[in-house]
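So the chains spell out like this:
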Amino acid sequence: MSSRTRSGSVVQDPRDKTYRFFWCEDGKRKSKGLGRFSSETKAWAAAKPYRDKLESPPATATHTVTVGQLVEQYRTEKMPKRASTRRGYETLLRKHILPRWQDAEITKLQARVVELWVHSLKLAPKSKVHVRGLLHVLWDYAMWRGDVPTQRNPMELVQIRNGSRRLSKPRTMTIEEFHRLSGILTEPYRTMAIVAVCLGLRWSEMIGLKWQDIDWLNGELRLQRAVVKQIEDEVKTVHSGKPLALDTRVLDLLKQHKQSSIFTDPEDWVFASPEKHGKLPRSYTSFWEKLGRACHDAGIVHVSPHSFRHSYRAWLDELGTPVTVQQRAMRHGDIRVTMNYGDAVGDGLREASAKVAAKAIPQ
């Protein structure tokens, strides 16, 4: 008598009543004597070690991909297309991650060892968070490729002390300081400063403006692109492209600037560089230098182009603007509710923009 499964069979020899276990391996039939048993069930129990071996394939040697190899593949398949993001990733890889982990297998990057290493870096807490974030991305990529089993990303366990704390408080101007500064700035830098502070624009968004982005009739502005280091790219987040309300005072200022500009076609940059024959917008360096001199002459602490965005938010708050409207006006990407209400410019946002413009552009 015999009993058969996919893992082999147990057969009793009718002549001596002994049981044998039969199986196939590499196309050949093999057997193993089990002995005499009072029942077939006991014979099957005796064959269990052999069946388990058949059902569990032998472990094969595996080679986990190194961080260096993973980075090369990531650059090809998953590296972000946005130029500024890609440049930031490459900087972290080149200066910090690859010099330390180039030849290490990705599985060696576990929470404790990475946390100790990150804490040893002479970087600001926010930069350390970026390093951890990129390692998190690489681990996710390794799981996506199948280089490691899908599991909890160990970088989630890495903690960065004071990771959300700024080393220096962002510079926020008072209304009076801004009036002194704008009174000294020459054109077109004065217009650039006023537009930036009235709309809370990022520098990349402001110099990325083209005349075609302005809806003169409806008083709206749509941000279609961003320019970082003179490279045109998409805006930072999906929320950044939502329309902005333009107060009549801001519209008048832009009209005056257009009348004095030699680059006025719809495809021209609003703040085109004469040195580049209008093919590129004005550079960050030129605006920074003008700001530095103007701040010195105005007797105020130096401000950066990003200070206008911080000042915009502070003035909104000072004017009693509801927090939800402030969040929409700032177009922050981490807003979960109010930023998803749609693209229409609400009355509250238009009123808030008009209040800031009234403060920034005295009659």
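All of these numbers come straight from a predicted model, not from anything done at the bench.

Basis of the calculations
Residues numbered from 1 in each chain as written. Predicted model: local features only at pLDDT ≥ 70, side-chain atom pairs only at ≥ 80, totals over all residues. Heavy atoms only, no water. Helix = DSSP H or I, 4+ residues; strand = E, 2+ residues; numbered from the N terminus. Buried < 20%, exposed > 50% of the residue type's maximum accessible area, 1.4 Å probe, protein only. Pairing = 2+ DSSP bridges. pLDDT = per-residue confidence, 0-100. Contact = heavy atoms within 4.5 Å. Core = buried A, V, L, I, M, F, W, Y, C linked by side-chain atoms within 4.5 Å. Bend = angle between axes of the 7 residues up to and from the residue. Salt bridge = Lys/Arg side-chain N within 4 Å of Asp/Glu carboxyl O. Phe/Tyr/Trp six-rings, centres within 6.5 Å; stacked < 30°, edge-to-face > 60°. Lys NZ or Arg CZ within 6 Å of the ring centre and 35° of its normal.

Colleague: What should I look at first to understand unusual backbone geometry in this one?
Modeller: Leave glycine aside and you will find that most residues have negative phi; peptide bonds, for their part, are mostly trans. For the bond from Glu-187 to Pro-188, the omega torsion is 5°, close enough to zero to count as cis. On the secondary structure map, Pro-188 appears in the loop between α7 (175-184) and α8 (189-199). Look at His-277: it is not a glycine, yet its phi comes out positive at around 55°. Considering the arrangement of structural elements, one finds His-277 in the loop between α10 (248-260) and α11 (284-298). For His-277, a relative accessible area of 63% gives the class exposed.

Colleague: I'm lost on the sheet that holds strand β5 (residues 214-215) in this one. Help?
Modeller: Sheets are built from strands paired through backbone hydrogen bonds, the pairs being either parallel or antiparallel. Read from one edge to the other, the open sheet built from three strands follows the order β5-β6-β9, with strand pairing classed as antiparallel. At either end of the open sheet lies a strand with only one pairing partner, and these are β5 and β9 (244-245). Two elements, strand β6 (residues 220-221) and β9, share two bridges in a ladder whose sense is antiparallel. Directly across from Leu-221, in β9, lies its bridge partner Leu-244.

Colleague: Hey, could you run me through the confidence of the model for the chain in this one?
Modeller: It should be kept in mind that the predicted coordinates are not to be read in detail where pLDDT is low. Looking at the chain, pLDDT values average 85 and 89% of them are 70 or higher. Of the regions scoring below 50 in pLDDT, residues 335-345 engages in 25 contacts with residues more than four places distant in sequence or in other chains.

Colleague: Just checking my understanding: could you explain the environment of Gln-159 for this structure?
Modeller: By the element assignment, Gln-159 lies in the loop between α6 (125-145) and α7. Look at Gln-159 and you get exposed, because its relative accessible area is 56%. In this structure the C-alpha to C-alpha distance between Gln-159 and Val-114, which are 45 residues apart in sequence, comes to 9.7 Å. Not counting residues up to four positions away in its chain, the partners in contact with Gln-159 are Glu-115, His-119 and Arg-132.

Colleague: Would you mind showing me how to read the nonpolar core here?
Modeller: Here is a general trend for soluble globular proteins: nonpolar side chains tend to be buried in one another's company. Within the largest apolar cluster, 55 residues are counted, with the highest numbers of intra-cluster contacts made by Phe-178, Leu-181, Phe-287 and Phe-308. Those elements giving two or more residues to this core turn out to be α7, α8, α9 (203-206), α10, α11, α12 (307-318), α13 (323-330) and α14 (347-360). Ranked by residues supplied to this core, first place goes to α8 with nine residues. Residues contacting Phe-308, with those up to four places away along its chain left out, are Met-173, Phe-178, Leu-181, Ala-193, Ala-196, Val-197, Phe-287 and Leu-291. With 31 residues, the next largest nonpolar core counts Leu-92, Ala-111, Val-114 and Val-131 among its residues.

Colleague: Whenever I open this one, helix α4 (residues 83-101) confuses me. Can you help?
Modeller: Residues that lie three or four places apart on an α-helix share one face, since the helix turns once every 3.6 residues. The largest bend in α4 amounts to roughly 45° and is located at Leu-93. For α4, every residue scored as buried is listed here: Ala-83, Leu-92, Leu-93, His-96, Ile-97, Leu-98 and Trp-101. Summarising the contacts, the buried residues of α4 are in contact with α3 (67-77), α5 (111-120), α6 and β8 (231-233).

Colleague: Help me out: how do you make sense of the pairing of strand β3 (residues 19-25) in this one?
Modeller: If a strand is regular, its side chains alternate between the two faces of the sheet. Here four bridges tie strand β2 (residues 8-12) to β3, and the two strands are oriented antiparallel to one another. Each bridged residue has a counterpart across the sheet, and for Gln-12 the counterpart in β3 is Tyr-19. Hairpin connection, β2 to β3: the antiparallel pair is bridged by six residues, and Lys-17 has positive phi, about 65°. Pairing of β3 with strand β4 (residues 28-35), which is carried by seven bridges, proceeds in the antiparallel orientation. Note on β4: the bridge partner recorded for Tyr-19 is Gly-35. The antiparallel pairing of β3 with β4 creates a hairpin that spans two residues between the two strands, and Asp-26 there sits at a positive phi of about 55°.

Colleague: What's the story with the pattern of salt bridges in this structure? I'm lost.
Modeller: Two side chains that carry opposite charge are able to pair once their charged atoms sit near each other. Scanning the model with the defined rule gives 12 salt bridges in all. Among the salt bridges present, the one from Arg-15 reaches Asp-13, with a minimum N-O distance of 3.1 Å. With a relative accessible area of 74%, Arg-15 lands in the exposed category. Taking relative accessible area as the criterion, Asp-13 reaches 18% and is therefore assigned buried. For Asp-247, the salt bridge is made with Arg-249, and the minimal N-O distance between the two is 2.7 Å. Here Asp-247 falls in the buried class, since its relative accessible area comes to 12%. Taken together, the shared-partner salt bridges in this structure form one network comprising Glu-72, Arg-75 and Glu-90.

Colleague: Looking at this structure, how should I read the packing of aromatic side chains?
Modeller: In this description, an aromatic ring pair is defined by two values, namely the gap between the centres and the angle between the planes. Counting across every chain of the model gives 12 aromatic pairs. Plain terms: the ring middles of Tyr-141 and Trp-144 are 5.8 Å apart, the flat faces sit at 20° to each other, and that makes the pair stacked. Taken together, the residues span about one helical turn, with Tyr-141 and Trp-144 both in helix α6 at a distance of three residues. Exposure remark for Trp-144: the relative accessible area of 52% places this residue in the exposed category. Ring plane angle 75° and centroid distance 5.8 Å describe the contact between Phe-178 and Trp-315, whose orientation is recorded as edge-to-face. Taken together, the residues span a long stretch of sequence, with Phe-178 in helix α7 and Trp-315 in helix α12 at a distance of 137 residues. One exposure class covers both Phe-178 and Trp-315, and it is buried. Here the aromatic residues Phe-178, Tyr-189, Trp-203, Tyr-284, Phe-287, Trp-288, Phe-308 and Trp-315 are joined through ring pairs into a cluster of three or more. The ring centre of Trp-144 lies 4.4 Å from the NZ or CZ of Lys-78, which sits over that ring. Over the face of the ring belonging to Trp-101 we find Arg-100, whose NZ or CZ atom lies 3.9 Å from the ring centre.

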